[in-house]
Amino acid sequence: MTSAYPIPVDELADRVREHARTLGGWPSRNQVMKEFRVGGPKAAAALDALRAVGFDPTTSGQSTERPAERPALPLRAVPDVAEQSPAVDGADQGEVSAREAVPDLLADPDGLDRGAGAHADHGEGRSAQVATLADPGTETGRVSRWPLLLIAGAAFVAIWGGWVGLGELTGFGPIRLLPGIWDEFVINSAITLPIGMEAYAAYALRAWLAPPEAGLSRTARRFAGVSAIGALVLGGLAQVAYHLMVAAGMTHAPWQITAAVSCLPVLVLALAAALTHLIHHSEVAR
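Since the structure is predicted, the reported quantities are computational estimates derived from the model, not experimental observations.

### Here's the deal with the overall build of the chain
Phase 1 of the analysis: On a plain count of helices and strands, the chain comes out with 11 helices and two strands.
Phase 2 of the analysis: Each of the 286 residues in the chain was classed as buried or not, and the buried ones make up 25%.
Phase 3 of the analysis: When contacts within the chain are restricted to residue pairs at least 6 apart in sequence, long-range pairs at least 24 apart make up 57% of them.
Phase 4 of the analysis: Looking at the chain as shown, the accessible area adds up to about 19,000 Å², and 63% of this sits on carbon and sulfur atoms.

### With respect to the pattern of salt bridges
Phase 1 of the analysis: Inspection of every chain in the model, using the stated rule, returns five salt bridges.
Phase 2 of the analysis: Between D14 and R17 there is a salt bridge, and its shortest N-O distance comes to 2.8 Å. Here D14 pairs with R17, and both are found in helix α1 (residues 9-23), just three residues apart, close to one helical turn.
Phase 3 of the analysis: When its relative accessible area of 36% is taken as the criterion, D14 is described as partly exposed.
Phase 4 of the analysis: Under the relative-accessibility criterion, R17 is labelled buried at 9%.
Phase 5 of the analysis: A salt bridge links E18 to R21, with the shortest nitrogen-to-oxygen separation between them at 3.3 Å. Of this pair, E18 and R21 both sit in helix α1, three residues apart, roughly one helical turn.
Phase 6 of the analysis: Since its relative accessible area comes to 43%, E18 is described here as partly exposed.

### Thoughts on a nonpolar patch on the surface
Phase 1 of the analysis: Taken together, I175, L177, L178, I181, W182, F185 and I187 make up a surface patch of nonpolar side chains, about 630 Å² in accessible area.
Phase 2 of the analysis: For the nonpolar patch, the secondary-structure elements that each account for two or more residues are β1 (174-178) and β2 (182-188).
Phase 3 of the analysis: Examined against the element boundaries, L177 turns out to sit in strand β1.
Phase 4 of the analysis: According to the relative accessible area criterion, L177 is partly exposed, its value standing at 42%.

### Some details on the packing of aromatic side chains
Phase 1 of the analysis: A full pass over the atoms with the stated rule returns four aromatic pairs.
Phase 2 of the analysis: A ring pair is formed by F156 and W160, whose centres lie 5.4 Å apart and whose planes are at 35°; its orientation type is tilted. With a gap of four residues between them, F156 and W160 both fall in helix α8 (residues 147-169), about one helical turn apart.
Phase 3 of the analysis: W160 sits in the partly exposed class, given a relative accessible area of 29%.

### A word on unusual backbone geometry
Phase 1 of the analysis: If you check the backbone angles, R37 has positive phi at about 55° while not being a glycine.
Phase 2 of the analysis: Counting through the fold element by element, R37 comes out in the loop between α2 (29-36) and α3 (40-52).

### Regarding the nonpolar core
Phase 1 of the analysis: If you look at the biggest cluster of nonpolar residues, it comprises 27 residues, and the most contacted ones within it are W163, L166 and L275.
Phase 2 of the analysis: Counting only elements with at least two residues in this core, the list comes to α8, α9 (192-208), α10 (218-247) and α11 (255-285).
Phase 3 of the analysis: Examining the composition of this core, we find that seven residues originate from one element, α10, more than from any other.
Phase 4 of the analysis: If we ignore the near neighbours within four places in the chain, the residues touching L275 are Y200, Y203, A204, A207, A220, F223 and A224.
Phase 5 of the analysis: Counting 15 residues, the second largest nonpolar core, distinct from the first, contains L12, M33, A43 and L50.

### Concerning the environment of D10
Phase 1 of the analysis: Along the chain, the position of D10 falls in helix α1.
Phase 2 of the analysis: For the pair D10 and L50, spaced 40 residues apart in sequence, the C-alpha separation works out to 9.6 Å.

### Describing α8
Phase 1 of the analysis: Between its terminal C-alpha atoms α8 stretches 33 Å, which fits the 33 Å expected from 23 residues at 1.5 Å a residue.
Phase 2 of the analysis: Looking at the packing, one finds that the buried side of α8 touches α9, α10 and α11.

### Some words on the side chain of Q239
Phase 1 of the analysis: Counting through the fold element by element, Q239 comes out in helix α10.
Phase 2 of the analysis: Judged by relative accessible area, which is 15%, Q239 ranks as buried.
Phase 3 of the analysis: A polar contact is formed between the side chain of Q239 and the backbone oxygen of I159, at a distance of 3.3 Å.
Phase 4 of the analysis: Ignoring sequence-local partners within four residues, the contact set of Q239 consists of A158, I159, G162 and W163.

### Describing the environment of G225
Phase 1 of the analysis: Of note, G225 is situated in helix α10.
Phase 2 of the analysis: The buried category is assigned to G225, whose relative accessible area is 4%.
Phase 3 of the analysis: A sequence separation of 19 residues divides G225 from R206, and the C-alpha atoms of the two residues are 9.3 Å apart.

The rules behind each value
Residues numbered from 1 in each chain as written. Predicted model: local features only at pLDDT ≥ 70, side-chain atom pairs only at ≥ 80, totals over all residues. Heavy atoms only, no water. Helix = DSSP H or I, 4+ residues; strand = E, 2+ residues; numbered from the N terminus. Buried < 20%, exposed > 50% of the residue type's maximum accessible area, 1.4 Å probe, protein only. Contact = heavy atoms within 4.5 Å. Areas by Shrake-Rupley, 256 points an atom, 1.4 Å probe, with all protein chains shown as cover. Salt bridge = Lys/Arg side-chain N within 4 Å of Asp/Glu carboxyl O. Patch = residues over 30% accessible without salt bridge, like charges linked within 9 Å, V, L, I, M, F, W, Y side chains within 5 Å. Phe/Tyr/Trp six-rings, centres within 6.5 Å; stacked < 30°, edge-to-face > 60°. Core = buried A, V, L, I, M, F, W, Y, C linked by side-chain atoms within 4.5 Å. Expected span 1.5 Å × (residues − 1). Polar contact = N/O pair within 3.5 Å; in protein donor to acceptor, adjacent residues only side chain to side chain.

Printed below as a string of structure tokens:
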């Protein structure tokens with residue numbers, strides 16, 4: 001399985017059926033996940049569907065399935081062509097062939113209402129759909145993302161400056177990372193505040209808002225959401241504290257703020273390690 005598209009449960013069940021006959025017994029959920037590269041819920045659903053219809057893999061190809069009880073495939077009822085296709089150019093409705101109606105049904109599997117006369121100009125409709133697939137931005141009205149560059153740039157300057165300024169007011173400043181080895185290698189430790197806090201906030205937000213296909217556990221999502229909101233709130237409070245102290249002409253932060261800011265790198269490290277562990281545990285559980 002190398003397709004980028006998820007396999008439907010009914011198709012997966014058919015493949016699991018053949019695989020079980022080859023094995024001569026029921027494969028485990030983990031075997032199905034590994035063999036067909038699917039998640040745990042889908043593998044369990046395929047096995048449950050086969051058991052529900054009475055499939056027995058030990059019958060050497062002789063299926064004991066009850067055809068009447070097989071789960072119905074998600075087929076769409078095809079309406080009568082004569083009822084939906086009005087007369088076109090004076091042609092009688094009864095002369096409309098199923099061969100002319102099939103392309104329209106395939107082109108519109110969701111059963112959208114095309115309105116009167118839709119079958120008469122189905123060629124034009126298919127052309128518009130092909131154009132939409134070729135250039136999604138022209139027909140779907142997709143919003144351009146380039147303004148995000150301006151927003152991100154402005155936020156970066158303001159947030160970076162606030163964190164660095166707050167760090168300098170609370171004792172962060174130039175330090176030699178390799179004393180005695182490379183004395184000229186000096187870095188301002190105040191930059192660790194914006195890098196750590198804002199990077200973690202973005203990381204936690206991404207985990208919190210990940211699609212269901214990511215397979216994150218409820219615990220991981222809850223931890224990511226709470227910690228992301230907490231990191232953003234702390235970032236906002238830090239910006240407020242810095243600008244208030246600058247407006248008041250203070251050159252040193254109060255000890256309470258200094259103590260809180262000095263603990264932030266340790267807090268960020270703990271949160272990032274915990275969230276990474278929860279995400280990894282979710283991936284292993286799949």
